[in-house]
Protein chains: 2
Amino acid sequence: MANMSKTTRILKHKNLFNDVFKRQYSDFVRGKATAAANLKEPVLFHGEPSGPSVVTPIPGPRSTKLINELETIQNTGAVQFFVDYDHCLGNYLFDADGNVLLDMFTQIATIPIGYSHPRLMAALRKPENIASFVNRPALGCLPPSNWVNKLKDVLLAVAPPGLTNVQTMQCGACSIEHSQKAIFMWYQRHRRGGRPPNEEELRSCITNEKPGTPEICVMSFHKAFHGRTMGALALTHTKWVHKLDFPQPNWPIAPFPALQYPLDEFVRENREEEDRCLNTVRELFEKWRLKGNPVAGIAVEPVQCEGGDNHATPYFFQGLQDIAKENDAALLIDEVQTGCGSTGKFWAHEHFNLREAPDLVPFAKKMMTGGFYFKKDFKPTEEEEGV
Amino acid sequence: MANMSKTTRILKHKNLFNDVFKRQYSDFVRGKATAAANLKEPVLFHGEPSGPSVVTPIPGPRSTKLINELETIQNTGAVQFFVDYDHCLGNYLFDADGNVLLDMFTQIATIPIGYSHPRLMAALRKPENIASFVNRPALGCLPPSNWVNKLKDVLLAVAPPGLTNVQTMQCGACSIEHSQKAIFMWYQRHRRGGRPPNEEELRSCITNEKPGTPEICVMSFHKAFHGRTMGALALTHTKWVHKLDFPQPNWPIAPFPALQYPLDEFVRENREEEDRCLNTVRELFEKWRLKGNPVAGIAVEPVQCEGGDNHATPYFFQGLQDIAKENDAALLIDEVQTGCGSTGKFWAHEHFNLREAPDLVPFAKKMMTGGFYFKKDFKPTEEEEGV
């Protein structure tokens, strides 16, 4: 492909996408139209189009022109087409070329109840919400008067059972970054066993030196995706395009179970596979402890989404929780992708019948804000101890 | 302080803040009232209070109650008091207890033109902007049709001279994270000298292993503040409360000049001090190269803000740019705090008469969005090369 121009390559890629998409799509639409005619489904969104309508290749001429313009300003490698968001409604997305698409992907699964939902549009028009956007509250220093009620009525009202604390963040990656930091603070506080940090620790950490900067780590899984900032990226092992050329810590990575289907035909094999993975987790705890770089926590997705729709049984997650406890380590279940109802329960890990709540549960995407739920013991107290 | 309850300690801290604040504040207000009476200053914001009014201790009883409630949900160590943002106007902040404060701090310097500015309030009410907030565009995949124009008319219209590319981000820390990643990609691409990444590099990076995961680093300065996610935190060296207990890479840290004032009386001493710092930067480049962990870039603030209002002369920054070029490394000037007009030029580094633009300029805060400007050569191309 060396002789192809960037634009030609983009278009080749886009047209491939387009061909596959249109073929799958028209099959789907045909099915849906029949179903709709048969069931006389109620319209969920007033004014929603009666069906999709594709009038140009995708990306169409206007999107292609915009991609070329954008390419002079920033990387467009992932751009599919441009969208008229103020026309989008319910399940339908309107592109810049007048194509109307039934959207199965909802902005990388971040829209929980459809485009331009009238209640959300109304909420955004409320003066107190407009004031929040314009006045950019520094939430950690000067929170708004209604902050406690908002946390209670919104985020804590849907907290995973057993978790009563929550910290908000702006996005999924930051939610992982700071829940990881909460793990490290908690782990070191326990190691100090109630002793406040000493002068040497307080001084050395400023310049990334021991002992204030400890050698501790978080265990992640092969094919995991937890985000793309440096701390979250350390736990991410999906595509090279996310990882190449970045200095990253050498932290332990365990295998995630590769189950065989149908599940009821492979009960024994799958149990063996999950035991193999759990045993490796145990071994890695031991190996990293011997290295003098102990594992402070495990980060795991309830379903590996980006990594290939990989599932494991409740047995596996129960086992992970047990191993974490045996090793005085935290269990972080990353619900950025799976949370907010997409698995039939509000939080995917509610399917696992864990003995107790996971220690930390980061969220973002469909929650329409970032953050993480956590157990009380993970609330930082260092600024008191160190005074 | 071991016997004090958390609440007592908070209140002690808050009351100290309050005493100092009120004393300085009433002096200031007295001065301002006199100045206003003398000058008959025009009112900048229609409806702005004629002056501050403090009617309770700060935090007042309502804020104190809310702090205690919030403490059951999350850490409140940094909370000063609660705010009624929908009452805030212009230069005045309204707290939850009816106190009206002249705000010198503007939400950690993030509000460029006052609270509830009528033009910003009007912008937020526009249907296309409401649709943007509600529909959460995945900007990298499906940008809105007006995206290119917004980048051109807004962010590129105020780009630092010589920088024509921009990438948006949600906050300052993420802007540092991803501009740092742009440095690493650029550095390794140059090291490969045009050769596409090979199979081994593409495979090994997925599990944080060499050669796809290189040992390269970014040089920062003592007393620097660049943010609190793991990658930005690696460059931050201010307070232990930001750093303690986190595993962080061993990257080089150079001294930032400690100038003596008045400048015109210490010309020789300050030149020597800046030369000392520049020489250390040179030595660190050499030292880390010999370690096999070369420095891919330098990150520096034009003014160290959080670190103590530390300034250096144009000579120092010109020297940094020269040293970066001699070492095939990038120069990142972090304008998160200093950008958007707060030093008398739109970007603080415009004071430095650099030979050419810095390679990357992250921004956030008063820009009311995050992101970074960069030279064309820093646009990632790896996803093409690796295909």
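Residues numbered from 1 in each chain as written. Chains lettered and ligands numbered in written order. Predicted model: local features only at pLDDT ≥ 70, side-chain atom pairs only at ≥ 80, totals over all residues. Heavy atoms only, no water.

**Concerning the overall build of chain A**
Each helix and strand counted, chain A has 13 helices and eleven strands in total. By residue count, 54% of the 387 residues in chain A fall in the buried class. Of the roughly 17100 Å² of accessible surface on chain A, 56% is carried by carbon and sulfur atoms. (Helix = DSSP H or I, 4+ residues; strand = E, 2+ residues; numbered from the N terminus. Buried < 20%, exposed > 50% of the residue type's maximum accessible area, 1.4 Å probe, protein only. Areas by Shrake-Rupley, 256 points an atom, 1.4 Å probe, with all protein chains shown as cover.)

**Points about the pairing of strand 11 (residues 370-374) of chain A**
All names here are of chain A. For strand 11, the tally of buried residues reaches five of five residues, placing the bulk of the element in the interior. Both faces of strand 11 are covered, namely the face carrying G370, F372 and F374 and the face carrying G371 and Y373. Here strand 3 (residues 165-169) runs beside strand 11; their pairing, made up of five bridges, is antiparallel. Bridged to V166 within strand 11 is Y373. Note that strand 10 (residues 360-363) and strand 11 share four bridges and pair antiparallel. The residue of strand 11 that forms the bridge with V361 is Y373. If you look at the hairpin formed by strand 10 and strand 11, you'll find six residues sitting between the two strands, and K365 has a positive phi there, around 45°. (Pairing = 2+ DSSP bridges.)

**Side note on the environment of K210 of chain A**
All names here are of chain A. Among the secondary structure elements, K210 is positioned in the loop between helix 8 (199-204) and strand 4 (217-221). Owing to a relative accessible area of 58%, K210 belongs among the exposed residues under this scheme. If we ignore the near neighbours within four places in the chain, the residues touching K210 are S204 and E215. (Contact = heavy atoms within 4.5 Å.)

**So, the relation of the copies chain A and chain B**
Of the transformation placing chain A onto chain B, the axial shift is 0.0 Å and the rotation is 180°, giving an RMSD of 0.0 Å. Such a combination of rotation and displacement between the chain copies is what one expects of a two-fold axis. (Least-squares fit on C-alpha atoms with pLDDT ≥ 70 in both.)

**Comments concerning the interface of chain A and chain B**
Each partner contributes to the interface: chain A provides 116 residues, whereas chain B provides 115 residues. The tally of links from chain A across to chain B stands at six salt bridges. R192 of chain A is the partner of D245 of chain B in a salt bridge, and the nearest nitrogen-oxygen pair spans 2.9 Å. Inspection of the region where chain A meets chain B yields 49 residue pairs in polar contact (both at pLDDT 80 or more). Taken together, the residues that form the side of chain A that touches chain B break down as 59 nonpolar, 33 polar and 24 charged. (Salt bridge = Lys/Arg side-chain N within 4 Å of Asp/Glu carboxyl O. Polar contact = N/O pair within 3.5 Å; in protein donor to acceptor, adjacent residues only side chain to side chain. Nonpolar A, V, L, I, M, F, W, Y, C, P; charged D, E, K, R; others polar.)

**A closer look at the nonpolar core**
Counting residues in hydrophobic clusters, the biggest one holds 108 residues, and the most contacted among them are F221 and L320 of chain A together with F221 and L320 of chain B. Setting aside residues no more than four positions away along its own chain, L320 of chain B makes contact with F221, L278, V281, I298, V300 and L331 of chain B. In terms of nonpolar packing, the next biggest core, distinct from the first, is built from 21 residues, W147 and A357 of chain A together with F82 and A96 of chain B among them. (Core = buried A, V, L, I, M, F, W, Y, C linked by side-chain atoms within 4.5 Å.)

**Points about the domain arrangement of chain A**
Interfaces are frequently sized by the accessible area removed from exposure as the parts join. Residues and elements named next belong to chain A. On domain assignment, one finds that chain A holds domain 1 (6-118) and domain 2 (159-385). At the interface, five residues of domain 1 touch four residues of domain 2. Buried area between domain 1 and domain 2, both sides added, is near 410 Å², and the carbon and sulfur share of it is 65%. Interface area lost by domain 1 to domain 2 is led by A109, T110 and P112, which between them contribute 81%. One can count two residue pairs in polar contact (both at pLDDT 80 or more) joining domain 1 with domain 2. Of the residues contributing to the side of domain 1 that touches domain 2, the split by class is four nonpolar, one polar and no charged. (Domains from an automatic or database assignment. Buried area = accessible area lost by both parts, 1.4 Å probe.)

**Quick notes on the state of the cysteines**
When the sulfur atoms of two cysteines share a covalent bond, that bond is a disulfide. Enumeration according to the criterion identifies zero disulfides over all chains in this entry. Sulfur of C171 of chain A: no disulfide; nearest cysteine sulfur belongs to C174 of chain A and is 3.6 Å away. Overall, C171 of chain A belongs to the buried group, its relative accessible area being 18%. The closest cysteine sulfur to the non-disulfide-bonded C205 of chain B is located on C217 of chain B, 19 Å from its own sulfur. (Disulfide = S-S within 2.5 Å.)

**Here we look at the packing of aromatic side chains**
Here the structure, examined in full by the defined rule, presents 29 aromatic pairs over all chains. Here the aromatic rings of F221 of chain A and F316 of chain A are separated by 6.0 Å at their centres, their planes lie at 70°, and the arrangement is edge-to-face. Pair noted here: F221 of chain A is in strand 4 and F316 of chain A is in helix 12 (residues 314-326), with a separation of 95 residues, a long-range link. The pair F221 of chain A / F316 of chain A is uniform in exposure class, with both members buried. Ring pairing ties together the aromatic residues F221, F256, F316, F317 and F352 of chain A, which thus form one cluster. Residue placement shows K291 of chain A over the ring face of W288 of chain A; its charged tip is 3.7 Å from the ring centre. Over the ring of Y315 of chain B we find R271 of chain B; its NZ or CZ atom is 3.6 Å from the centre of that ring. (Phe/Tyr/Trp six-rings, centres within 6.5 Å; stacked < 30°, edge-to-face > 60°. Lys NZ or Arg CZ within 6 Å of the ring centre and 35° of its normal.)

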